[in-house]
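Architecture at a glance
Listed here are the chains, written in short residue letters.
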Amino acid sequence: MSPAQPAATHAFPAQSPIAAETGAQIARLTESLDSAGLWWLSGYAAGLARAQGGAVAVAPVHAPADTAADAAERGRLTVVYGSQTGNARRVAEALVAKFEGEGLPVRLLRADAYPTRELKDERFLAIVISTQGDGDPPDDARALVEFIDGKRAPKLPQLRYAVLGLGDSSYPQFCAIGQRLDARFEALGAQRWIARGDADLDIDTVAAPWSATLFAEAKDALKAKSPALTLASVTPLRPHAPAPAAWTRERPFAAELLANLPISGRGSDKAAPYRDVRHLELSLADSGLDYEPGDALGVWIENPPALVQAMAEALDLDADAPVTLGTDTLPLREWLGRKREITRLSRPFVATHAAHAGSEDLNRLLAPDQREGLAALMAGSQVIDLLREHPGAWTAEQLVEALRPLQPRLYSIASSRKAVGDEAHLTVAHVEYLHGDALRWGAGSHHLATREEGASLPVFIERNERFRLPADASRDVIMIGPGTGVAPFRGFVQEREVTRPMTAGASGRNWLLFGNPHARTDFLYQVEWQDALKRGSLHRLDLAFSRDQAQKVYVQHKLREHGRELFAWLENGAHLYVCGDATRMAKDVHAALLDAIATHGGKSAEDAADYLNALQAQGRYARDVY
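Residues numbered from 1 in each chain as written. Predicted model: local features only at pLDDT ≥ 70, side-chain atom pairs only at ≥ 80, totals over all residues. Heavy atoms only, no water.

1. Points about the overall build of the protein chain
- From N to C terminus, the protein chain includes 23 helices and 21 strands.
- The buried share of the protein chain, taken over its 626 residues, is 47%.
- When contacts within the protein chain are restricted to residue pairs at least 6 apart in sequence, those whose partners lie at least 24 apart make up 78%.
- Within the structure as shown, the protein chain displays about 29600 Å² of accessible surface, and the carbon and sulfur contribution to it stands at 52%. (Helix = DSSP H or I, 4+ residues; strand = E, 2+ residues; numbered from the N terminus. Buried < 20%, exposed > 50% of the residue type's maximum accessible area, 1.4 Å probe, protein only. Contact = heavy atoms within 4.5 Å. Areas by Shrake-Rupley, 256 points an atom, 1.4 Å probe, with all protein chains shown as cover.)

As structure tokens, then:
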């Protein structure tokens, strides 16, 4: 800061859920305001929040000298969530709302906003965290998990903690991060408040009782320690009409399918699988739904009818017979078609079927030392394959109860609202393959790819606050999106082009790295990218078509090839984004980024990792991987 500049008088709190860069801008904007101006601004902001239908979370007001240790000593519950797709966030928000409803002191923080220096003073802590891929934390929780796991973590004899892990039991490392944190807190001397919960895709069956148990255990402790607190009272600048009920995951909007267009072609190599990629356009007219580039569209899907019928026949069950589960009675066909996951295997179902079939082979795969074999089975087989290859007797009721509830599918939105109006565009790869002689499909992609224009699809918006364009339009962006991972970057480029003429200093450049097997058949949105280059809305395009030459070339190879320019862009303040496959691509790209930073930044491997971690902490390295 130069001597001519006054010191900022309104320091932005480190534990805020707002990104660091946005926080710095807010701090600069508010440093010239007096107390009257700040109160006016707080009311204006509260009014905006209410207009968006958001809940108002009011925090206790304390004297300036009030420290984290003071607040913890009085009995405040801190709820921290780490979420990749929004599920952990939803559970954490519901938990906090329950405590707020009772007037109990509680705060909610995303994992990357949690100030680790406060951990030593925490008295009551609840963590809701998902596990991704092969036992990885969600991107917003990587730094916190590393801190808690590392040597710098303090001893925590004063802490009572509770952990809820979210995961998918079709992966071998089911809820591994929740289990890891639970064990680590215990090793640090903390007291486990309630037993850890491990929630599968049917989250509420575990999350609801876990939350209820925590609330019952915690409310007396918080009441006993908490004196009466003065609550901040915020009056909106002007009255607002009650916000209309938003369309949500539980109450989706019926969107009309306007277009379903193939954007990949058949190659001359008949031995190679045909990659059917679709561009879908859905109408959001009259919904009131809004989204930003980086958000996802949730779609409630149905299972393929042919697969439903095949399952009933494999078990010699009547697909039209009524089945009652709880208070719901539906034909078996409806349960399997619209209510249950039948294209994804889970470990619990494999174990249950092993008992029904009396299969020694399946029981062997369930042994702890056979993790890789079980993972291969679940990755390469669907429920119908298990039923046919290991026959066993099931009743319709047993089958419905054993299968997991059908979940909506999330797709990165491939458009900018400002560019396309009341529409949302998707890029969907139709999963279709042979298992032996039988055709198999991915439930979500098959449902979407086979819908005709005019069809109605139940949809909702899934926010992704971690995957946003920089607020400063003068910043460059680097977008790495092979395959359908390019989808959100179509929205990014559209957004930057539309807003550039209206934004002062919008000089930021856009660099896209895209890869796929073949240029002739798999160059998704080729004409759009080429036109964007001509117009100057896309400044650089690097392509990696892996099978168009003898030696395979992927986007990570292009990153290493152009490492000098990459590092120069980053040093100049560029934001870096990665979207696509988490299992291989994201890890290979991350390794290539580390190599480029180390090589062209003159850094050690450890310093390069710190550099990339710092970018992530600043909100300048974001990933949308699945």
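2. Notes on the sheet that holds strand E19 (residues 540-545)
- With parallel pairing, five strands are arranged side by side in an open sheet as E19-E18-E17-E20-E21. At either end of the open sheet lies a strand with only one pairing partner, and these are E19 and strand E21 (621-625). Between one strand and the next, the sheet's axes are offset by a mean angle of 10°, whatever the strand orientation.
- In this sheet, strand E20 (residues 575-580) lies alongside strand E17 (residues 477-480) in parallel orientation, the contact comprising four bridges. Pairing of Ile480 across the sheet is with Val578, part of E20.
- Of the strands in this sheet, E17, E20 and E21 touch helix H22 (residues 585-601), which is tilted by about 155° from E20. (Pairing = 2+ DSSP bridges. Axes fitted to C-alpha atoms, helices over the stretch in contact; angles between N-to-C directions.)

3. What to know about the side chain of Asp295
- As for its position among the elements, Asp295 is in the loop between strand E8 (276-283) and strand E9 (296-299).
- Only 2.9 Å separates the side chain of Asp295 from the backbone nitrogen of Glu292, close enough to count as a polar contact.
- Among the polar contacts listed, one links the side chain of Asp295 to the backbone nitrogen of Asn464, at a separation of 2.8 Å.
- Excluding its chain neighbours within four sequence positions, the residues that come into contact with Asp295 are Ser412, Ile413, Ile461, Glu462, Arg463, Asn464 and Arg468. (Polar contact = N/O pair within 3.5 Å; in protein donor to acceptor, adjacent residues only side chain to side chain.)

4. Describing helix H10 (residues 347-357)
- All of the buried residues along H10 are Phe349, Val350, His353 and Ala354. Down the axis of H10, the buried side of the element spans an arc of 140°, and every buried residue falls inside it.
- Elements in contact with the buried residues of H10: helix H11 (360-365), helix H12 (371-380), helix H13 (383-389) and helix H14 (396-402).
- Taken from the residues just after H10, Gly358 is the one with a positive phi, measuring 60°. (Arc of directions from axis to C-beta.)

5. What to know about the pattern of salt bridges
- Applying the stated criterion to the full structure yields 39 salt bridges.
- Its salt-bridge partner being Asp295, residue Arg463 comes within 3.1 Å of it at the nearest N-O pair. Of this pair, Arg463 sits in the loop between strand E16 (456-462) and E17 while Asp295 sits in the loop between E8 and E9, placing them 168 residues apart in sequence.
- Between Asp361 and Arg364 there is a salt bridge, with its nearest N and O atoms 2.2 Å apart. Within this pair, Asp361 and its partner Arg364 are both found in helix H11, separated by three residues, close to a single helical turn.
- Given the relative accessible area of 48%, Arg364 is considered partly exposed.
- Put simply, Asp182, Glu186, Arg192, Arg196 and Asp198 are held in one network by salt bridges that share partners. (Salt bridge = Lys/Arg side-chain N within 4 Å of Asp/Glu carboxyl O.)

6. As for unusual backbone geometry
- A positive phi angle, near 55°, is found at Asp316, a position not held by glycine.
- Tracing the backbone through its elements, the reader meets Asp316 in the loop between helix H8 (305-314) and strand E10 (322-325).
- The backbone of Tyr525 sits at a positive phi, close to 60°, despite the residue not being glycine.
- With a relative accessible area of 7%, Tyr525 lands in the buried category.

7. Comments concerning the pairing of strand E4 (residues 160-166)
- Among the seven residues of E4, six are classified as buried, and the element is accordingly described as predominantly covered.
- Both strand E3 (residues 124-130) and E4 contribute to a ladder of seven bridges, which runs parallel. Across the sheet, Ser130 pairs through a bridge with Leu166, a residue of E4.
- Running through helix H5 (residues 142-149), the crossover from E3 to the neighbouring parallel element E4 is right-handed.
- Across two bridges, E4 lies against strand E5 (residues 191-192) in parallel orientation. Residue pairing in the sheet places Arg160 in a bridge with Gln191 of E5.
- With respect to chirality, the unit in which E4 leads through helix H6 (residues 176-187) into the neighbouring parallel E5 is right-handed. (Right-handed = clockwise from strand over helix to strand, strands pointing away.)

8. Looking at the sheet that holds strand E13 (residues 423-430)
- Ordered by their spatial adjacency, six strands build an open sheet running E12-E9-E16-E7-E8-E13, and the pairing between neighbours is antiparallel. Edge positions in the sheet fall to strand E12 (409-412) and E13, since each has one partner strand and no second. Taking each pair of neighbouring strands and ignoring which way they run, the sheet shows an average axis angle of 40°.
- Pairing between E9 and E12: four bridges, direction antiparallel. Paired with Gly298 across the bridge in E12 is Leu410.

9. What to know about the nonpolar core
- Ranked by size, the top nonpolar core spans 30 residues in total, and within it Met311, Leu336, Phe349, Val350, Leu399 and Leu403 carry the most contacts.
- Elements that contribute at least two residues to this core include exactly H8, helix H9 (332-339), H10, H12, H13 and H14.
- Excluding residues within four positions of it along the chain, Val350 makes contact with Leu345, Leu362, Leu366, Leu374, Leu377, Met378 and Leu386.
- With 28 residues, the next largest nonpolar core counts Leu95, Phe124, Ile203 and Ala221 among its residues. (Core = buried A, V, L, I, M, F, W, Y, C linked by side-chain atoms within 4.5 Å.)

10. Section: the side chain of Lys558
- With respect to the helices and strands, Lys558 occurs in helix H20 (residues 555-561).
- Here Lys558 is in contact with Leu513, Leu543, Ala544 and Val553, once residues within four sequence places are set aside.

11. A few points about the confidence of the model for the protein chain
- On average, the protein chain scores 87 in pLDDT, and the residues at 70 or more come to 83%.
- Across residues 1-16 the pLDDT falls below 50, and counting only partners more than four positions away or on other chains, this stretch makes 20 contacts in the model.
- Note on residues 228-245: pLDDT under 50 across the span, and 31 contacts to partners over four residues away in sequence or across chains. (pLDDT = per-residue confidence, 0-100.)

12. Let's talk about the packing of aromatic side chains
- For the structure shown, the criterion picks out 15 aromatic pairs.
- Measuring from ring centre to ring centre gives 5.3 Å for Phe349 and Trp394, while their planes differ by 10°; the resulting arrangement is stacked. With a gap of 45 residues between them, Phe349 in helix H10 and Trp394 in the loop between H13 and H14 connect regions that are remote in the sequence. Across the pair, Trp394 and Phe349 agree in class, each one buried.
- In this structure, Lys98 packs its charged tip against the face of Phe215, placed 4.8 Å from the ring centre. (Phe/Tyr/Trp six-rings, centres within 6.5 Å; stacked < 30°, edge-to-face > 60°. Lys NZ or Arg CZ within 6 Å of the ring centre and 35° of its normal.)

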